[in-house]
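Fold and geometry: a report
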Amino acid sequence: MKHYIAYLRVSTDKQGEQGHGISAQRQAIRSYLGAQGGELLEEYVEVESGKKNDRPALQKAINRCKMSRATLIIAKLDRLSRNLAFIANLMDAGIDFIACDNPYANKLTIHILAAIAEHEREMISRRTREALAAAKAKGVKLGGHRGAILTEEIQLQGLEERRTRAREYAANVYPTIRELLDAGHSLNGTAQALNSRRILTARGCMWTAKSVSRILQAAEDR
C-alpha cells in the first residue's frame, strides 16, 4: 500500500483557530485516498502567510516523506502555486507529491509554476518602483524626517515579525526536543538527532547543544 504525508496550510492565525480551510483540505485528501487507496501516515498543518519563506511544518512534512519513502499530498494545487518558497522546497527535496485537485501535475508542472511565481514577483517589484517614481514626479517627498521615522517603524515591525516567527518555531519544535531528552539524549545528542532528521533551526542552520538549550529556555519563559 502506498503511504502519504499530508500538508495543509491556512494563511492567518484567525483562519487556523477557526478551522477555516483546514477541514475542507482534510476532507479533500481523505476523499482522494478513499477513492484511490493509500494510507495516510501523518498530517502537518501550517498557519502562515503565503508570502513568508520559512515553512517549518512543510520542512517536517518533507523530512517525514523522505524517512518513510512516502508521497506528499496536498488538497489544492494553489497551496503550491502561490508561494515560490514552497515550490523551491519541493523541487530541492526530490520527493513525490500529489495534488488532489490536479493529480496529473508532475515535475514539469512544478517548473512552470516556479517560473510563473518568479515572474509575478518581478511584476510586483516593477509596479512598486513605478508607483514610487510617479509619486516622486508629483512632488511627494519620499525621504526626510518623516521618511526616516517610517523606515524605523518598518525596521521595528520586521524585527517583531522575526521574533514572532522564532517563538512560533520554538513552540513547534519543542515537543520533538522534549521527546528526545525524555528518551535519554543529552543536549548534544538531541542536536545530532535533530540534524539526522533534517530538521533545521529557525535560521535554517544545523543544531548544536546551545541552540537546543535556547529552545528549552524559551519554553520555560512562556
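Presented here is an overview of the structure given in this document. (Residues numbered from 1 in each chain as written. Predicted model: local features only at pLDDT ≥ 70, side-chain atom pairs only at ≥ 80, totals over all residues. Heavy atoms only, no water.)

Regarding the sheet that holds strand β1 (residues 3-10)
Overall, parallel pairing links the four strands, which are arranged β2-β1-β3-β4 in an open sheet. Since the sheet does not close on itself, it has two edges, and those belong to β2 (39-47) and β4 (97-99), each with one partner. Strand after strand, the sheet turns through a mean of 25° between neighbouring axes, direction not considered. Where strand β3 (residues 71-74) lies against β4, three bridges are found, and the strand directions are parallel. For Ile74, the partnering residue across the bridge sits in β4 and is Ala99. Those strands touched by helix α2 (residues 22-36) are β1, β2, β3 and β4, and its axis lies near 160° from that of β1. Strand contacts of helix α3 (residues 56-68): β1, β2 and β3, with the helix running at about 160° to β2, the strand carrying the most contacts. (Pairing = 2+ DSSP bridges. Helix = DSSP H or I, 4+ residues; strand = E, 2+ residues; numbered from the N terminus. Axes fitted to C-alpha atoms, helices over the stretch in contact; angles between N-to-C directions. Contact = heavy atoms within 4.5 Å.)

Some thoughts on the environment of Leu200
With respect to the helices and strands, the residue Leu200 is situated in the loop between α8 (187-196) and α9 (209-221). The spatial distance from the C-alpha of Leu200 to the C-alpha of Pro56 is 8.3 Å, given a sequence separation of 144 residues. If near-sequence neighbours (up to four positions away) are discounted, Leu200 is found in contact with Tyr169, Cys205, Met206 and Trp207.

Note that every value here comes from positions in space, so none of it alone points to a role or purpose.
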